[in-house]
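Spelled out, the chains give:
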Amino acid sequence: MKNGPVLSEVYECIKEDRNDGLWDQYIVTEGRYDIRLLEDPGDGELSDFDVDVLTDLAKRYARYSYSMMIDVVHELPEWTDPAPQKVAQLDVADRSPSSRRR
């Protein structure tokens, strides 16, 4: 997308096109694209590595505004400008965290 990559499943939940039951239990959509956490879903499905990475990212970017985060994601190797379309598919198989850990 023009502002940065979004998982299609997450985007569908934000647009309320799809609901797997868990989304509404923990997250509410406010406005067109804003979301708010209703309650802590826990981290039982995440590995220790995942938790560490997400914690580090949250600390690093906690004070960034929405527009500042757009600038950050536009620097990622996975992002490409989708123009003139609204979206572009990303091939991130060779950039997955498991391939980087080796």
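Structure first, text after, so check above.
Residues numbered from 1 in each chain as written. Predicted model: local features only at pLDDT ≥ 70, side-chain atom pairs only at ≥ 80, totals over all residues. Heavy atoms only, no water.

A. How the structure looks around a nonpolar patch on the surface. A contiguous nonpolar surface patch, about 380 Å² in accessible area, is contributed by Leu46, Phe49, Val53, Leu54 and Leu57. By the secondary structure assignment, Phe49 is in helix α3 (residues 48–61). (Patch = residues over 30% accessible without salt bridge, like charges linked within 9 Å, V, L, I, M, F, W, Y side chains within 5 Å. Areas by Shrake-Rupley, 256 points an atom, 1.4 Å probe, with all protein chains shown as cover. Salt bridge = Lys/Arg side-chain N within 4 Å of Asp/Glu carboxyl O. Helix = DSSP H or I, 4+ residues; strand = E, 2+ residues; numbered from the N terminus.)

B. Geometry of the pairing of strand β2 (residues 34–37). Note: strand β1 (residues 27–30) against β2, four bridges, orientation antiparallel. Each bridged residue has a counterpart across the sheet, and for Ile27 the counterpart in β2 is Leu37. Hairpin connection, β1 to β2: the antiparallel pair is bridged by three residues, and Gly31 has positive phi, about 75°. (Pairing = 2+ DSSP bridges.)

C. Structural context of the pattern of salt bridges. The tally for this structure, following the rule as stated, stands at one salt bridge. Of the charged contacts, one joins Arg36 and Glu30 as a salt bridge, the two residues approaching to 2.6 Å between their closest N and O atoms. Since its relative accessible area comes to 40%, Arg36 is described here as partly exposed. (Buried < 20%, exposed > 50% of the residue type's maximum accessible area, 1.4 Å probe, protein only.)

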